[in-house]
Amino acid sequence: MIVAGFGFRAGASEQSLLDAFARASTDFAPQALATADDKADGLSALSERLELPVIPIGEIDLVAQTTRTQSKAATAARNTGSVAEAAALAAAGAGAQLVAPRHISQDRMATCAIAIGDQT
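Treat the numbers as computed from the prediction; the structure is a model and nothing was measured.

**Student:** It is not clear to me how the environment of alanine 29 should be interpreted in this structure. Could you clarify?
**Tutor:** Along the chain, the position of alanine 29 falls in the loop between α1 (14–24) and β2 (32–36). Residues alanine 29 and proline 56, 27 residues apart in the sequence, show an inter-C-alpha distance of 19 Å.

Now the structure itself:
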């Protein structure tokens, strides 16, 4: 499964999320979006726009992922180096690898990373 993972601040707009998604875009078309479970509602408008489901990721699964990015803010808030990368990796499943590490929206309100894995 190919998953676009997101991390974002409260108040991030759909445009911020779309900008981060566009910056992370690869030759792989995501089949789902993912983020921390308590933020999943924040992806609803983007989910509808892209016609992709949202996979909420629990804290235990987020912190279990090894991320390329090591953001001090994400580590302090979520105990992971990148919520976007961790969510993408967790949702993509076994053997997941990042095909696009964390990219930041121009307004710095959202991040997106894309992973591919064995989850079906």
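**Student:** Can you help me understand the sheet that holds strand β1 (residues 2–8) in this one?
**Tutor:** In sheet architecture, strand pairing relies on hydrogen bonds along the backbone and comes in two forms, parallel and antiparallel. Strand order across the open sheet formed by 5 strands is β3-β2-β1-β5-β4, with mixed pairing between neighbours. The sheet terminates laterally at β3 (54–57) and β4 (97–104), the two strands that pair on one side only. When the angles between neighbouring strand axes are averaged without regard to direction, this sheet yields 25°. Where β1 lies against strand β5 (residues 110–116), 7 bridges are found, and the strand directions are antiparallel. Paired with glycine 7 across the strands is threonine 111, a residue of β5. Contacts from α1 reach β1, β4 and β5 within the one sheet, and its direction differs from that of β5 by about 40°.

Conventions we followed
Residues numbered from 1 in each chain as written. Predicted model: local features only at pLDDT ≥ 70, side-chain atom pairs only at ≥ 80, totals over all residues. Heavy atoms only, no water. Helix = DSSP H or I, 4+ residues; strand = E, 2+ residues; numbered from the N terminus. Pairing = 2+ DSSP bridges. Axes fitted to C-alpha atoms, helices over the stretch in contact; angles between N-to-C directions. Contact = heavy atoms within 4.5 Å.

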